[in-house]
Amino acid sequence: MKWLAPAVLIALAACRDGASTPDAAATARATVPLTIVSGGKRHAFAVEVAKTPEAQQRGLMFRTGIAADGGMLFAPYPAGGGGAQVASFWMKNTPSALDVIFIRPDRTIANIEADTLPFSEVPVSSSEPVTAVLELRGGRAAELGIAPGDRVEW
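Small disclaimer: the values here were computed from a predicted structure and weren't measured.

Caption draft 1: Up close: the overall build of the chain. Of the regular secondary structure elements, the chain holds three helices and nine strands. Tracing the chain from N to C terminus, the helices and strands come up as α-β-β-α-β-β-β-β-β-β-α-β. Burial statistics for the chain: of 154 residues in total, 44% are counted as buried. Look at the contacts in the chain between residues 6 or more apart in sequence, and 70% of them connect residues 24 or more apart. Only carbon and sulfur atoms are counted for the fraction: they give 58% of the accessible area of the chain, which is about 7,400 Å².

Caption draft 2: Summary view of the environment of Val124. Relative to the assigned elements, Val124 resides in strand 7 (residues 124-125). Of the residues examined, Val124 reaches a relative accessible area of 14% and is grouped as buried. A C-alpha to C-alpha distance of 9.7 Å links Val124 and Ala114, two positions 10 residues apart in sequence. Setting aside residues up to four positions removed in sequence, Val124 forms contacts with Ala87, Ser88, Phe89, Val100, Phe102, Glu113 and Thr116.

Caption draft 3: Main features of the side chain of Asp99. Relative to the elements of secondary structure, Asp99 occurs in strand 5 (residues 98-103). One buried charged residue, Asp99, forms no salt bridge at all, with the nearest opposite charge on Arg137 at 7.8 Å. Among the polar contacts made by the side chain of Asp99, one reaches the main-chain amide nitrogen of Arg140 at a distance of 3.0 Å. Dropping the residues within four chain positions of it, Asp99 is found in contact with Glu113, Ala114, Asp115, Leu134, Glu135, Leu136, Arg137, Gly138, Gly139, Arg140, Ala141 and Ala142.

Caption draft 4: Structural detail: the environment of His43. With respect to the helices, strands and loops of the structure, His43 is situated in strand 2 (residues 41-50). A C-alpha to C-alpha distance of 8.9 Å links His43 and Ile146, two positions 103 residues apart in sequence. Not counting the four nearest positions on each side in its chain, His43 is found in contact with Leu34, Thr35, Ile36, Ser38, Leu144 and Ile146. For His43, the side chain forms a polar contact with the main-chain oxygen of Leu144, separated by 3.3 Å.

Caption draft 5: Highlighting the pattern of salt bridges. The final tally for this structure, using the stated rule, is six salt bridges. Arg42 is the salt-bridge partner of Glu153, the closest N and O atoms lying 2.8 Å from each other. Taken together, the residues span a long stretch of sequence, with Glu153 in strand 9 (residues 151-153) and Arg42 in strand 2 at a distance of 111 residues. Between Glu121 and Lys92 there is a salt bridge; the shortest N-O distance is 3.9 Å. Here the residue Glu121 occupies a position in the loop between strand 6 (109-113) and strand 7, and Lys92 occupies one in the loop between strand 4 (88-89) and strand 5, the gap between them amounting to 29 residues. Using a relative accessible area of 48% as the deciding quantity, one classes Glu121 as partly exposed.

Caption draft 6: Representation of the packing of aromatic side chains within the structure. In total, this model carries three aromatic pairs according to the counting rule given. Ring geometry for Phe74 against Phe89: centres 5.0 Å apart, planes inclined by 85 degrees, an arrangement best described as edge-to-face. Of the two residues, Phe74 sits in strand 3 (residues 71-74) while Phe89 sits in strand 4, which places them 15 residues apart along the sequence. Pair check on accessibility: Phe74 and Phe89 agree, each one buried. Geometrically, the ring pair formed by Tyr77 and Phe89 is tilted, given 5.6 Å between the ring centres and 35 degrees between the ring planes.

So, how was this worked out
Residues numbered from 1 in each chain as written. Predicted model: local features only at pLDDT ≥ 70, side-chain atom pairs only at ≥ 80, totals over all residues. Heavy atoms only, no water. Helix = DSSP H or I, 4+ residues; strand = E, 2+ residues; numbered from the N terminus. Buried < 20%, exposed > 50% of the residue type's maximum accessible area, 1.4 Å probe, protein only. Contact = heavy atoms within 4.5 Å. Areas by Shrake-Rupley, 256 points an atom, 1.4 Å probe, with all protein chains shown as cover. Lys, Arg positive; Asp, Glu negative; His and termini not counted. Salt bridge = Lys/Arg side-chain N within 4 Å of Asp/Glu carboxyl O. Polar contact = N/O pair within 3.5 Å; in protein donor to acceptor, adjacent residues only side chain to side chain. Phe/Tyr/Trp six-rings, centres within 6.5 Å; stacked < 30°, edge-to-face > 60°.

Dropping the structure here:
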């Protein structure tokens, strides 16, 4: 039931932010470099970092047109620390399919929930305790051959 608490927080954020729309700042968000090392290949991304509870609750809600090399990193997860835990996300108010990549404390990928269903309230969860989560454009992990066990650097 640990997934229920983050889901409730996200639901509360969705209610509070339900009337929000993308603004001019959406195109000028700060990003950090992130690399996934997979099968000897290095895949480079420029991702936003959701560090605060508010940023993690909002995530990529209401966003469309996620860049092929873009996404959002939730690190540390959960915001404020607390160590590794099973993470759970849903796609309520998220119009874009996402690949949700769950990252272990050693920065290897635990599991990937690929091509999540937009606007779904069905939770997608990590297969084990994690300390970070990465969201990429839906289908991107498969396109690049990214898989559990691959290393994530940021």
